Amino acid sequence: SQTIHQWPATLVQPVGSPLSLECTVEGTSNPNLYWYRQAAGRGLQLLFYSVGIGQISSEVPQNLSASRPQDRQFILSSKKLLLSDSGFYLCAWSEDRGLYGYTFGSGTRLTVV
Amino acid sequence: AQSVTQLGSHVSVSEGALVLLRCNYSSSVPPYLFWYVQYPNQGLQLLLKYTSAATLVKGINGFEAEFKKSETSFHLTKPSAHMSDAAEYFCAVSGSGGYSTLTFGKGTMLLVSP
């Protein structure tokens, strides 16, 4: 069966520090991968998605970036965090075109101080 | 283009009462529709999905939803609320043709009182 792992679960980082969040999927090949951010009262905002290694689509321009160095690995990064980067970050995967829904990881709570 | 509107950021019900969470969508192509549930500090779990088969869809934990094209709605219902149903619920839409990402509503927090 397929599983998705996301870490760390919580993270407190100072303003201006770098960020690296990692997500891996097991039990499937060539998944579509997604990064969402959830801020209080604002629902889920799609940040990046990837349909293959090295293929990244950005939905929202900001100081975050994403990379997919391996087929089942998706990394969210920042060189310098802002206070506004605080939130709950969720990784997800889907098969093919994602028409049948996504499977989400357990999330990372990021607090920038 | 597609969008989802969830009416009511918070809904309160008593245990044993009917649960009704409203979702209206907008889509330029025939939609696929989803309901997800999120418990505090956890990821989203798929409750049910509509993918152009039966318009009445049954999901986990006794929830169901009905796709009504004429009303562009996909409301979530459960006949009798349990305390364990207290969570945030998200409606989402994707297009049935080509590739499109899921677009989520802003969520509805369901509060269940004894």
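Rules behind the numbers
- Residues numbered from 1 in each chain as written.
- Chains lettered and ligands numbered in written order.
- Predicted model: local features only at pLDDT ≥ 70, side-chain atom pairs only at ≥ 80, totals over all residues.
- Heavy atoms only, no water.
- Contact = heavy atoms within 4.5 Å.
- Buried area = accessible area lost by both parts, 1.4 Å probe.
- Salt bridge = Lys/Arg side-chain N within 4 Å of Asp/Glu carboxyl O.
- Polar contact = N/O pair within 3.5 Å; in protein donor to acceptor, adjacent residues only side chain to side chain.
- Helix = DSSP H or I, 4+ residues; strand = E, 2+ residues; numbered from the N terminus.
- Nonpolar A, V, L, I, M, F, W, Y, C, P; charged D, E, K, R; others polar.
- Buried < 20%, exposed > 50% of the residue type's maximum accessible area, 1.4 Å probe, protein only.
- Core = buried A, V, L, I, M, F, W, Y, C linked by side-chain atoms within 4.5 Å.
- Pairing = 2+ DSSP bridges.
- Axes fitted to C-alpha atoms, helices over the stretch in contact; angles between N-to-C directions.
- Phe/Tyr/Trp six-rings, centres within 6.5 Å; stacked < 30°, edge-to-face > 60°.

1. Some details on the interface of chain B and chain A
So, point 1. Between chain B and chain A, the residue contacts involve 24 residues of the former and 23 residues of the latter.
So, point 2. Summed over both sides, the interface of chain B with chain A buries roughly 1800 Å², with 56% coming from carbon and sulfur.
So, point 3. Inspection of the chain B/chain A interface yields 0 salt bridges.
So, point 4. Connecting chain B to chain A are 5 residue pairs in polar contact (both at pLDDT 80 or more).
So, point 5. Listing elements by their share of the side of chain B that touches chain A, those giving two or more residues are strand 4 (31-38), strand 5 (44-50) and strand 9 (87-95) of chain B.
So, point 6. When its residues are assigned to classes, the side of chain B that touches chain A shows 8 nonpolar, 13 polar and 3 charged.

2. A short note on unusual backbone geometry
So, point 1. Each neighbour pair has its own omega, and for A:Trp7 with A:Pro8 the value is 0°, a cis peptide bond.
So, point 2. For A:Pro8, the position within the fold is in the loop between strand 1 (3-7) and strand 2 (10-13).
So, point 3. Notably, B:Asn41 is not glycine yet its phi reads approximately 55°, a positive angle.
So, point 4. Its place among the elements puts B:Asn41 in the loop between strand 4 and strand 5.
So, point 5. Judged by relative accessible area, which is 53%, B:Asn41 ranks as exposed.
So, point 6. Despite not being glycine, B:Asn61 has its phi angle at roughly 60°, a positive value.
So, point 7. Positionally, B:Asn61 belongs in the loop between strand 6 (56-58) and strand 7 (64-68).
So, point 8. Here B:Asn61 falls in the partly exposed class, since its relative accessible area comes to 41%.

3. Here we look at the nonpolar core
So, point 1. Grouped together as the largest cluster of nonpolar side chains are 26 residues, with contacts concentrated most on B:Trp35, B:Leu48, B:Leu76 and B:Tyr89.
So, point 2. For this core, the elements supplying multiple residues, two or more each, are strand 2 (10-14), strand 3 (19-27), strand 4, strand 5, strand 7, strand 8 (73-78), strand 9 and strand 11 (108-113) of chain B.

4. As for the sheet that holds strand 1 (residues 2-7) of chain B
Residues and elements named next belong to chain B.
So, point 1. Reading across from one edge, 1-3-8-7-6 is the order of the 5 strands in this open sheet, with antiparallel pairing throughout. Two strands in the sheet have a free side with no partner beyond their single neighbour: strand 1 and strand 6. Mean inter-strand twist for the sheet, computed between neighbouring axes without regard to direction, equals 20°.
So, point 2. Across 4 bridges, strand 3 lies against strand 8 in antiparallel orientation.

5. Topic: the sheet that holds strand 3 (residues 19-26) of chain A
Residue and element names in this part refer to chain A.
So, point 1. Judged by pairing direction, the sheet is antiparallel, and its 4 strands sit side by side in the order 1-3-8-7 without closing on themselves. Since the sheet does not close on itself, it has two edges, and those belong to strand 1 and strand 7 (64-70), each with one partner. Averaged over all neighbouring strand pairs, the angle between strand axes comes to 15°, with direction disregarded.
So, point 2. In this sheet, strand 8 (residues 73-78) lies alongside strand 3 in antiparallel orientation, the contact comprising 6 bridges. Pairing of Ser20 across the sheet is with Ser77, part of strand 8.

6. Observations concerning the packing of aromatic side chains
So, point 1. Under the defined criterion, the tally for this structure stands at 15 aromatic pairs over all chains.
So, point 2. Taken together, A:Tyr34, A:Tyr36, A:Tyr49, A:Tyr102, A:Phe104, B:Phe34, B:Tyr36 and B:Phe104 form an aromatic cluster joined through their ring pairs.

7. Describing the side chain of B:Gln6
Residue and element names in this part refer to chain B.
So, point 1. With respect to the helices and strands, the residue Gln6 is situated in strand 1.
So, point 2. Of note is the side chain of Gln6, whose polar atom sits 3.1 Å from the backbone nitrogen of Gly107.
So, point 3. If we ignore the near neighbours within four places in the chain, the residues touching Gln6 are Arg22, Trp35, Tyr89, Phe90, Cys91, Gly105, Lys106, Gly107 and Thr108.

8. Quick look at the pattern of salt bridges
So, point 1. For the structure on display, the rule yields 4 salt bridges over all chains.
So, point 2. A:Asp85 is the partner of A:Arg37 in a salt bridge, and the nearest nitrogen-oxygen pair spans 3.7 Å. Placement of A:Arg37 in strand 4 (residues 32-38) and of A:Asp85 in the loop between strand 8 and strand 9 (87-94) is noted, with a sequence separation of 48 residues between them. A:Asp85 shares its class with A:Arg37; the two are buried.
So, point 3. Between B:Asp85 and B:Lys78 there is a salt bridge whose closest N-O contact spans 2.9 Å. Across the pair, B:Lys78 and B:Asp85 agree in class, each one buried.

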